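These are the residues of each chain, in order.
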Amino acid sequence: MMEYFNKRIKKLDVWDIALTKLSVLIFALFLVGVWPALRVWVDSRNPWCFVAAFVIVVARPIYRFYLKK
């Protein structure tokens, strides 16, 4: 199964990956817009919690792309 996915992923270029990321962002904004409970939860959080989550999530890809040899 992983072999199949690895073969398919190699067909994607930078634009495909960027558009996939953008679509996930747009879908997340859609959920916040139509789901009142989610909107209340997001509004009640400290914005720095989201910044901390971003740093934690992006740390590994940044390390592997820029620092790992």
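Everything below is about the structure shown above.
Residues numbered from 1 in each chain as written. Predicted model: local features only at pLDDT ≥ 70, side-chain atom pairs only at ≥ 80, totals over all residues. Heavy atoms only, no water.

## Things to note about the packing of aromatic side chains
Part 1: Applying the stated criterion across every chain yields a total of four aromatic pairs.
Part 2: When the ring of Phe-65 is compared with that of Tyr-66, the centres are 4.7 Å apart and the planes differ by 85 degrees; the resulting orientation is edge-to-face.
Part 3: Taking the relative accessible area as the measure of exposure, Tyr-66 reaches 59% and is therefore exposed. (Phe/Tyr/Trp six-rings, centres within 6.5 Å; stacked < 30°, edge-to-face > 60°. Buried < 20%, exposed > 50% of the residue type's maximum accessible area, 1.4 Å probe, protein only.)

## Observations regarding the packing of helix 2 (residues 14-34) against helix 3 (residues 36-44)
Part 1: Running from N to C, helix 2 and helix 3 point in directions that differ by 105 degrees, and their axes come no closer than 5 Å. Judged by the inter-axis angle, helix 2 sits roughly perpendicular to helix 3. The segment helix 2 lies against helix 3, with Leu-31, Val-32, Gly-33 and Val-34 engaging Pro-36, Leu-38, Arg-39 and Val-42. (Axes fitted to C-alpha atoms, helices over the stretch in contact; angles between N-to-C directions. Helix = DSSP H or I, 4+ residues; strand = E, 2+ residues; numbered from the N terminus. Parallel < 35°, antiparallel > 145°, perpendicular 65-115°, else oblique. Contact = heavy atoms within 4.5 Å.)

## Side note on the environment of Arg-60
Part 1: With respect to the element layout, Arg-60 can be found in helix 4 (residues 47-67).
Part 2: Among the residues examined, Arg-60 registers a relative accessible area of 57% and is labelled exposed.
Part 3: Separated by 44 residues in sequence, Arg-60 and Asp-16 have C-alpha atoms that sit 21 Å apart.

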